[in-house]
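Single-letter residue listing:
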Amino acid sequence: MSSHVLLTHQTRYRYDRPVFLGPQTIRLRPSRSSRTPVRAYALRVDPAECQQSWQQDEFGNQVAEVVFAERVTHFDITVRLEADLSPRNAFDFTLAPEARHWAPPVALDAVSPAGSTPLLQRQQQAAQQQQAGAAMFAPRSGLYSPDEQAALSAYRATPAAGPYLHAFMADWVKKASCDTLDMLVALNRALAGHIGYQVRLEPGIWSPEETLARETGSCRDSAWLMIAILRHLGFAARFVSGYLLQSTRTAEGEETLTCDLHAWAEAFLPGAGWVGFDTTSGLLTAQGHLPLAATPAPEQAAPVSGLLDQCNATFDVSMQTARLVIPESV
């Protein structure tokens, strides 16, 4: 079966009256750094009477800026792309020698071991430490060179951990492997098993604390949780939104190809670069993951963003996928 697929992704906005749209930013073009080859790409915006230009944002993403001079009653975006989903080894990279072993953060002794203290008490201890202004996690240096630390500063910004997050990390580092890749793979699997997946259509991202408290969340919620943990453990990490193309089987047993907008986390590992971790499946990202935007925070990776007049609006998304027949060369 051909590994080449054609995706048509349509986004439609309808407004109850003619409205002025502010400049709209569209983040729906696969990244140049994608390890999945994209053979063709086209973006169409309707109404066509608009000014459209491609730019590179401050994070290196290719974004389309669209400006409408007149009022509109609708705003449609159509993406068509062809991608080669030939299988690839997600572990086809080599870590730099200095990155192959991971040193846990220091200053963890403020929280008692998981086996000796109930969760609630450990959470109370963590909250008291926060209120006292003490540093909860102080990652050891050595993973990144000074130049890398400066270049990755936006992806290492780490807010204070709440009681649930602190308790989870305190438990984790006591049993984590000192091998960097083994630890990261196990952490990704642990989060996939700990956080139940749910479809959340409402906008916004839950905080890591809320996701852990609920023990459930959308792909973007669990990805943001993974990023928070990675940063507290000393790794540079970023949020990635993109397409997830994968084969499934119908109730009749027929294979079908599906596509959804998805989110995952990436960690920067010296020698390997950015490595993707899908916290929904617990797997590393592979040929079916097509990154569209990679940013320090989730809100910066929204597929479409911009201002519009006050109005009642409806929103609809559809995706169609098909395998392409590629003639064999003679």
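Up top is the structure.
Residues numbered from 1 in each chain as written. Predicted model: local features only at pLDDT ≥ 70, side-chain atom pairs only at ≥ 80, totals over all residues. Heavy atoms only, no water.

Visitor: Quick one: what's the story with the environment of Leu-95, residue by residue and with numbers?
Guide: Tracing the sequence through the fold places Leu-95 in the loop between strand E6 (72–84) and helix H1 (119–131). The spacing of Leu-95 and Ala-272 is 177 residues in sequence and 5.4 Å in space, taken between C-alpha atoms. In this structure, Leu-95 is in contact with Arg-100, Thr-180, Leu-181, Leu-269, Pro-270, Gly-271 and Ala-272, ignoring residues within four places of it in sequence. (Helix = DSSP H or I, 4+ residues; strand = E, 2+ residues; numbered from the N terminus. Contact = heavy atoms within 4.5 Å.)

Visitor: Requested: an account of the sheet that holds strand E3 (residues 38–46), with residues and values cited.
Guide: In space, the four strands of this open sheet follow the order E3-E6-E1-E15, with antiparallel pairing throughout. In the strand order of this sheet, the two ends are held by E3 and strand E15 (313–323), each with one partner. Each neighbouring strand pair of the sheet contributes to a mean axis angle of 10 degrees, computed without reference to strand direction. Two strands pair when backbone bridges link them, and strand E1 (residues 4–19) and E15 are joined in this way by eleven bridges, in the antiparallel orientation. Along E15, the bridge assignment pairs Arg-12 with Asp-316. (Pairing = 2+ DSSP bridges. Axes fitted to C-alpha atoms, helices over the stretch in contact; angles between N-to-C directions.)

Visitor: I'd like a description of the layout of surface pockets, backed by residues and values.
Guide: In this structure, the largest pocket spans a volume of roughly 1,200 Å³. The dominant element in the lining of the largest pocket, judged by the number of residues it contributes, is strand E9 (residues 237–249), at five residues. Here the residues of the lining of the largest pocket sort into 21 nonpolar, ten polar and six charged. Computed from the structure, the second largest pocket encloses a volume of approximately 360 Å³. Residue lining of the second largest pocket: 23 residues in total, with Ser-33, Arg-238, Glu-266, Trp-274 and Pro-291 positioned closest to the centre. Those elements giving two or more residues to the lining of the second largest pocket turn out to be E9, strand E10 (255–269), strand E11 (273–278) and strand E13 (289–295). The class makeup of the residues in the lining of the second largest pocket is ten nonpolar, nine polar and four charged. (1 Å grid on protein atoms, 1.4 Å probe; cavity = no way out; pocket = protein on both sides within 12 Å on 5 of 7 lines; lining within 4 Å. Points joined across faces, edges and corners; volume = space filled by probe spheres on them. Nonpolar A, V, L, I, M, F, W, Y, C, P; charged D, E, K, R; others polar.)

Visitor: Quick one: what's the story with the packing of aromatic side chains, residue by residue and with numbers?
Guide: Counting across every chain of the model gives seven aromatic pairs. Ring geometry for Phe-68 and Phe-75: centres 5.5 Å apart, planes at 80 degrees, overall edge-to-face. The exposure classification of Phe-68 matches that of Phe-75, with both residues buried. For the ring pair Tyr-144 and Phe-268, a centre distance of 6.2 Å and an interplane angle of 45 degrees mean the geometry is tilted. Here Tyr-144, found in the loop between H1 and helix H2 (146–151), pairs with Phe-268, found in strand E10; they are 124 residues apart in sequence, far enough to count as distant. Here Phe-268 falls in the buried class, since its relative accessible area comes to 17%. An aromatic cluster is built from Tyr-13, Phe-68, Phe-75 and Phe-315, whose rings are joined through pairwise contacts. The ring of Trp-206 carries Arg-200 above its face, with NZ or CZ at 4.3 Å from the centroid. Against the face of Trp-206 rests Arg-214, its NZ or CZ located 4.3 Å from the ring centre. (Phe/Tyr/Trp six-rings, centres within 6.5 Å; stacked < 30°, edge-to-face > 60°. Buried < 20%, exposed > 50% of the residue type's maximum accessible area, 1.4 Å probe, protein only. Lys NZ or Arg CZ within 6 Å of the ring centre and 35° of its normal.)

Visitor: Run through the pairing of strand E5 (residues 62–67), naming residues and quoting values.
Guide: In terms of burial, E5 is largely enclosed, as five of its six residues are buried. With three bridges connecting them, strand E2 (residues 24–26) and E5 associate as antiparallel partners. The partner of Gln-24 across the bridge, within E5, is Val-66. Sheet topology places strand E4 (residues 51–56) next to E5; six bridges connect them, and they run antiparallel. The partner of Gln-52 across the bridge, within E5, is Val-66. Linkage of E4 to E5, two consecutive antiparallel strands, is achieved through a turn of five residues, within which Gly-60 is found at a positive phi near 90 degrees.

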